[in-house]
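Coordinate analysis (summary)
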Amino acid sequence: MQFDAIQHLDSLRNQENYNSNVLENNFQETGIKNKCIFESLPNFNVTENFCFDIMHDIFEGICVYDMSNVIFGLIQDNIVTLDCINSRKSLFLFGEIEVGNKSGPLDLCRLKNYNLKMTASETMCFTNFLPLMVGDLIPFSNDHWKVFIILLQIIDLLLRPSYIEDDLIKLEELIRDHHSLYITLYGSLKPKHHFLVHYPTAIRKCGPLKYLWSMRFEAKHKEAKAYLGNTTSRVNPCRSLSIKSGLKFSNFLLKHEDNLEPNVIINTHTIEDLAKEEYCYKKSKPVLNYQNCKVSDDIFFKGTRYKKNYYLATNNAAIELFKIKHLIIENENVYILCNQVKVKNFDYHLQSYEVGSLNEDTIFLIPILDFITYPFHLYPMNNGKVYFRFKLI
């Protein structure tokens with residue numbers, strides 16, 4: 001397991017060998033103490049109904065091991081210093097969207113002990129933007145950076161909303177390459193590295209794993225931990241949390257007595273004569289009654305904030321980049337007035353797209369659901385070029 005870069009199909013558990021191992025009652029040999037209690041549920045099979053948690057496996061596991069080894073390796077090779085990384089990290093313009101996930105400075109002692117001292121969201125953010133922080137300092141042939149690039153490619157694939165078989169074949173190849181290079185450079189794999197070889201199989205059985213992770217549950221749990229940290233009562237903390245949770249839920253029901261929160265929440269409202277403008281369209285022309293439309297520079301759509309000067313991307317045979325100019329709301333439908341920005345090329349070394357000029361002469365009107373990404377910012381680098389990396393919806 002510590003040196004397996006691929007999944008061995010002949011070693012996978014099935015219902016037959018699982019039942020046989022339960023009857024053997026030999027934990028040292030089989031790894032099974034007793035029968036899983038969930039087997040008593042109808043239609044549940046412990047060898048078929050399984051999933052993995054990307055948050056704990058990747059962002060609190062593999063990323064921590066890989067980033068610690070990669071950064072420490074770059075420092076040992078005299079390519080960068082820890083002070084340089086921390087300086088660039090502190091000066092990096094995360095932007096309004098990601099600044100809440102900014103983490104503290106790295107510590108050399110913690111790196112040696114595989115401890116980045118970051119939350120899952122902070123690790124995710126740091127991993128995502130490290131190429132834009134220090135990528136220009138790293139030689140193209142550096143093996144430590146190769147491990148990191150493959151890791152980024154694996155993460156980008158795992159966070160996709162859907163897959164075709166070719167994607168899963170590519171994922172298997174990336175995992176194999178990553179593990180082989182990791183073993184060569186850093187020694188044996190950790191258990192969470194081994195979990196990764198089973199991810200393609202899990203995706204084939206259960207679908208995209210990003211819909212099964214515990215990120216939102218942990219965010220909810222964070223509220224309870226914050227409340228306990230600020231209360232002086234230690235008599236019955238569970239009761240205190242129950243009361244707090246009950247009051248919060250009651251407040252939610254009172255605020256939304258008639259219906260639940262709408263898909264669209266308008267933060268700002270501007271008035272413009274939309275009908276006089278001439279727009280371009282990427283697909284069919286939307287049929288809009290402009291008299292019933294509201295124009296905004298800042299809205300929440302299905303819990304995500306869309307704001308003027310944020311960027312979005314579509315994928316019509318190639319990645320296309322757009323800068324938000326205005327947001328048009330017609331009932332529950334949202335359309336984005338935007339200018340197209342030229343995408344020059346994809347930089348493999350930085351795992352980012354290089355940005356060209358903004359075309360302000362042509363305004364596109366595109367339904368919000370046609371975009372494949374969450375809103376993001378552009379990031380200038382020391383070489384004078386501007387890049388972006390995005391998260392798929």
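Criteria and thresholds
Residues numbered from 1 in each chain as written. Predicted model: local features only at pLDDT ≥ 70, side-chain atom pairs only at ≥ 80, totals over all residues. Heavy atoms only, no water. Core = buried A, V, L, I, M, F, W, Y, C linked by side-chain atoms within 4.5 Å. Buried < 20%, exposed > 50% of the residue type's maximum accessible area, 1.4 Å probe, protein only. Helix = DSSP H or I, 4+ residues; strand = E, 2+ residues; numbered from the N terminus. Contact = heavy atoms within 4.5 Å. Salt bridge = Lys/Arg side-chain N within 4 Å of Asp/Glu carboxyl O. pLDDT = per-residue confidence, 0-100. Phe/Tyr/Trp six-rings, centres within 6.5 Å; stacked < 30°, edge-to-face > 60°. Polar contact = N/O pair within 3.5 Å; in protein donor to acceptor, adjacent residues only side chain to side chain. Pairing = 2+ DSSP bridges. Axes fitted to C-alpha atoms, helices over the stretch in contact; angles between N-to-C directions. 1 Å grid on protein atoms, 1.4 Å probe; cavity = no way out; pocket = protein on both sides within 12 Å on 5 of 7 lines; lining within 4 Å. Points joined across faces, edges and corners; volume = space filled by probe spheres on them. Nonpolar A, V, L, I, M, F, W, Y, C, P; charged D, E, K, R; others polar. Patch = residues over 30% accessible without salt bridge, like charges linked within 9 Å, V, L, I, M, F, W, Y side chains within 5 Å. Areas by Shrake-Rupley, 256 points an atom, 1.4 Å probe, with all protein chains shown as cover. Expected span 1.5 Å × (residues − 1). Bend = angle between axes of the 7 residues up to and from the residue.

Let us now look at the nonpolar core. Of all hydrophobic cores here, the largest spans 36 residues; its most connected members are Leu106, Phe126, Phe129, Leu130, Met133 and Trp145. Of the residues forming this core, the biggest block, 7 residues, is contributed by helix α7 (residues 120-134). Sequence-distant contacts of Leu106, that is, excluding residues within four places in its chain, are made with Ile71, Leu82, Ile85, Asn86, Leu116, Met118 and Phe126. Ile54, Ile154, Ile155 and Met215 belong to the second-largest nonpolar core, a separate cluster that totals 29 residues.

Looking now at the pattern of salt bridges. Taken as a whole and assessed by the stated rule, the structure comprises 15 salt bridges. The salt bridge involving Arg389 is made with Asp156; its shortest N-O contact spans 3.3 Å. Residue Arg389 is found in the segment after β10 (386-388), and its partner Asp156 is found in helix α8 (residues 143-158); the two are separated by 233 residues along the sequence. A relative accessible area of 5% means that Arg389 is categorised as buried. The partner of Glu165 in a salt bridge is Arg204, with the nearest N and O atoms 2.7 Å apart. Here Arg204 lies in helix α11 (residues 199-206) and Glu165 lies in helix α9 (residues 165-186), a separation of 39 residues in the sequence.

Predicted coordinates in areas of low pLDDT are best not read in detail. Overall, the prediction assigns the chain a mean pLDDT of 90, with 97% of residues at 70 or greater. Taken element by element, the predicted model of the chain shows its lowest mean pLDDT in strand β1 (residues 264-266) (82) and its highest in α8 (97).

This part covers the packing of aromatic side chains. Following the criterion strictly, the structure yields 22 aromatic pairs and no others. Between Tyr353 and Phe388, the ring centres sit 5.2 Å apart and the planes meet at 15 degrees, which makes this aromatic pair stacked. Separated by 35 residues along the polypeptide, Tyr353 in strand β8 (residues 352-367) and Phe388 in strand β10 bring together distant segments of the chain. Taking the relative accessible area as the measure of exposure, Phe388 reaches 0% and is therefore buried. Their ring planes at 15 degrees and their centres at 5.2 Å tell us that Phe376 and Phe388 sit as a pair that is stacked. In this pair, Phe376 sits in the loop between β8 and β9 (379-380) while Phe388 sits in strand β10, placing the two residues 12 residues apart along the sequence. Each member of the pair, Phe376 together with Phe388, is buried. An aromatic cluster is built from Phe346, Tyr353, Phe376, Phe388 and Phe390, whose rings are joined through pairwise contacts.

Moving on to helix α1 (residues 15-24). Of the residues that open α1, the one with a side-chain oxygen 3.1 Å from the backbone nitrogen of Glu16 is Asn14. Phi for Asn25, located one or two positions after α1, is positive at around 55 degrees.

To continue, consider the sheet that holds β1. Strand order in this open sheet of 3 strands is β1-β3-β4, and the pairing throughout is antiparallel. Two strands bound the open sheet, and with one partner strand each, they are β1 and β4 (304-307). Taken over all neighbouring pairs, the strand axes of this sheet differ in orientation by 25 degrees on average, direction set aside. The pairing of β1 with strand β3 (residues 298-301) spans 3 bridges and is classified as antiparallel.

All right, on to empty space enclosed by the protein then. Under the defined criterion, the tally for this structure stands at 1 cavity of 30 Å³ or more. Taken as a whole, the largest cavity spans an internal volume of roughly 30 Å³. Lys282, Lys283, Thr314, Asn316, Ile366 and Asp370 together form the lining of the largest cavity. Its residues assigned to classes, the lining of the largest cavity shows 1 nonpolar, 2 polar and 3 charged.

Take a nonpolar patch on the surface next. Together, Ile37, Phe38 and Leu41 give the surface a local cluster of nonpolar side chains, amounting to about 330 Å² of exposed area. Among the secondary structure elements, Phe38 is positioned in the loop between α2 (27-30) and α3 (54-76).

As a further point, take α7. Over its 15 residues, α7 extends 21 Å from the first C-alpha to the last, a length consistent with the 21 Å expected when each residue adds 1.5 Å. Of all the bends in α7, the greatest reaches close to 40 degrees and is centred on Asn128; the proline Pro131 follows between one and four positions later. Along α7, 14 of the 15 residues are buried, which leaves the element largely enclosed by surrounding structure.

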